[in-house]
Amino acid sequence: DVKVTQSSRYLVKRTGEKVFLECVQDMDHENMFWYRQDPGLGLRLIYFSYDVKMKEKGDIPEGYSVSREKKERFSLILESASTNQTSMYLCASSTGLVGANVLTFGAGSRLTVL
Amino acid sequence: GENVEQHPSTLSVQEGDSAVIKCTYSDSASNYFPWYKQELGKRPQLIIDIRSNVGEKKDQRIAVTLNKTAKHFSLHITETQPEDSAVYFCAAPLSGYSTLTFGKGTMLLVSP
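Just so it is clear, the model here is predicted, and its values are computed rather than measured. Each chain has its residues counted from 1, following the order in which its sequence is written. Numbering of ligands from 1 and lettering of chains from A proceed in the order in which they are written. Totals for whole chains, interfaces and linings use every residue, but because this is a predicted model, local features are given only for residues with pLDDT of at least 70 and side-chain atom pairs only at 80 or more, for both listing and counting. Side-chain descriptors were evaluated using all non-hydrogen atoms of the structure, hydrogens and water having been removed beforehand.

## Let's talk about the layout of surface pockets
Where empty space is left in the structure can be found by rolling a water-sized probe over the atoms. Spelled out, the test is: Here a cavity denotes grid points, spaced 1 Å and computed from the protein atoms alone, that fit a 1.4 Å probe unable to get out, and a pocket denotes an open set having protein on both sides within 12 Å along at least 5 of 7 lines; residues with an atom within 4 Å of a point are the lining. Grid points are joined across faces, edges and corners, and a volume is the space filled by probe spheres set on the points. A helix here means a DSSP run of H or I that spans at least four residues, while a strand means a run of E at least two residues long, and both kinds are numbered starting from the N terminus. Residue polarity follows a fixed list, in which Ala, Val, Leu, Ile, Met, Phe, Trp, Tyr, Cys and Pro are nonpolar, Asp, Glu, Lys and Arg are charged, and the others, Gly among them, are polar.
Here the largest pocket is characterised by a volume of approximately 640 Å³. Forming the walls of the largest pocket are 28 residues, and the residues nearest its centre are Gln37 of chain A together with Gln38, Leu40, Val87 and Met107 of chain B. Looking at the lining of the largest pocket, the elements with two or more residues in it are strand S4 (31–38) and strand S9 (87–94) of chain A together with strand S9 (86–93) and strand S11 (106–111) of chain B. Class assignment of the residues belonging to the lining of the largest pocket gives a composition of 10 nonpolar, 12 polar and six charged.

Structural data, given as structure tokens:
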């Protein structure tokens, strides 16, 4: 019954490494999102995409980029990981209007940058 | 952008009591207000949502109320049970139908 799958649950990387976080959804949703979750800060939007090859910045895009080459896949890229990017990363998808419909979340990817 | 304030940050209740979590938002054009529940180690999941054309919505023991004039909405859980223990997030979109902005979350602990 898994609908949004994040490829890695736990990752440990070193400062300066390039990091790829992959997300795949099987619901044919148009919209996909990457959130970052930190204690006391809630869920903060990094980037989102409402169509293939389209991307829009969220609230905290600095230090991140994304790629959406296929409808079902949305990748988050950390070009040069830093310790302040240690966090839980949540992918989500939705259909229809981006701010008006249910988000289905993945299980999350916990990234530690040493 | 949208500012969503959520209170309290933590809430402890005894089993059977009611719990209320409140959120305020800044954009009067916002028109969709969901609540998500995240159990420990799990992903957030929608538990209830309300649109701006109604003032209240109920689903068994949970309800959401919306006051558009005051720009606040609340989650009400009655007859709380230990399995209600989780972090709850409210959210609201920027004006119109842009992306959701989440509150910082409320950790609800229900003691048996």
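## Some points on the side chain of aspartate 38 of chain A
Residue and element names in this part refer to chain A. For clarity, the threshold we go by: Relative accessibility thresholds used throughout: buried, under 20% of the residue-type maximum; exposed, over 50%; partly exposed, between the two (1.4 Å probe, protein chains only). Distance and chemistry together define a polar contact, namely a pair of N or O atoms within 3.5 Å, with one atom able to donate a hydrogen and the other to accept it when in protein, and with adjacent residues in sequence counting only for side-chain atoms on both sides. Pairs of residues are marked as contacts when any of their non-hydrogen atoms sit within 4.5 Å.
The residue aspartate 38 is located in strand S4 in this model. Aspartate 38 sits in the buried class, given a relative accessible area of 12%. At 2.8 Å, the side chain of aspartate 38 forms a polar contact with the side chain of arginine 44. If sequence neighbours within four positions are ignored, aspartate 38 has contacts with Arg44, Thr86 and Ser87.

## Notes on the state of the cysteines
Counted only if it meets this: What counts as a disulfide here is a pair of cysteine sulfur atoms lying within 2.5 Å.
Taken as a whole, this structure holds two disulfides over all chains when the rule is applied. Each sulfur in the disulfide pair cysteine 23 of chain A and cysteine 91 of chain A lies 1.9 Å from the other. Classification of the bridge connecting cysteine 23 of chain A and cysteine 91 of chain A rests on its S-S torsion, roughly -80°, and on that basis the disulfide is left-handed. Of this pair, cysteine 23 of chain A sits in strand S3 (residues 19–25) while cysteine 91 of chain A sits in strand S9; the two residues are 68 residues apart in sequence, bridging distant segments of the chain. Classification of cysteine 91 of chain A as buried rests on a relative accessible area of 0%. A sulfur-sulfur distance of 1.9 Å marks the disulfide that ties cysteine 23 of chain B to cysteine 90 of chain B. Here the S-S torsion is close to -95°, and the disulfide linking cysteine 23 of chain B with cysteine 90 of chain B is therefore left-handed.

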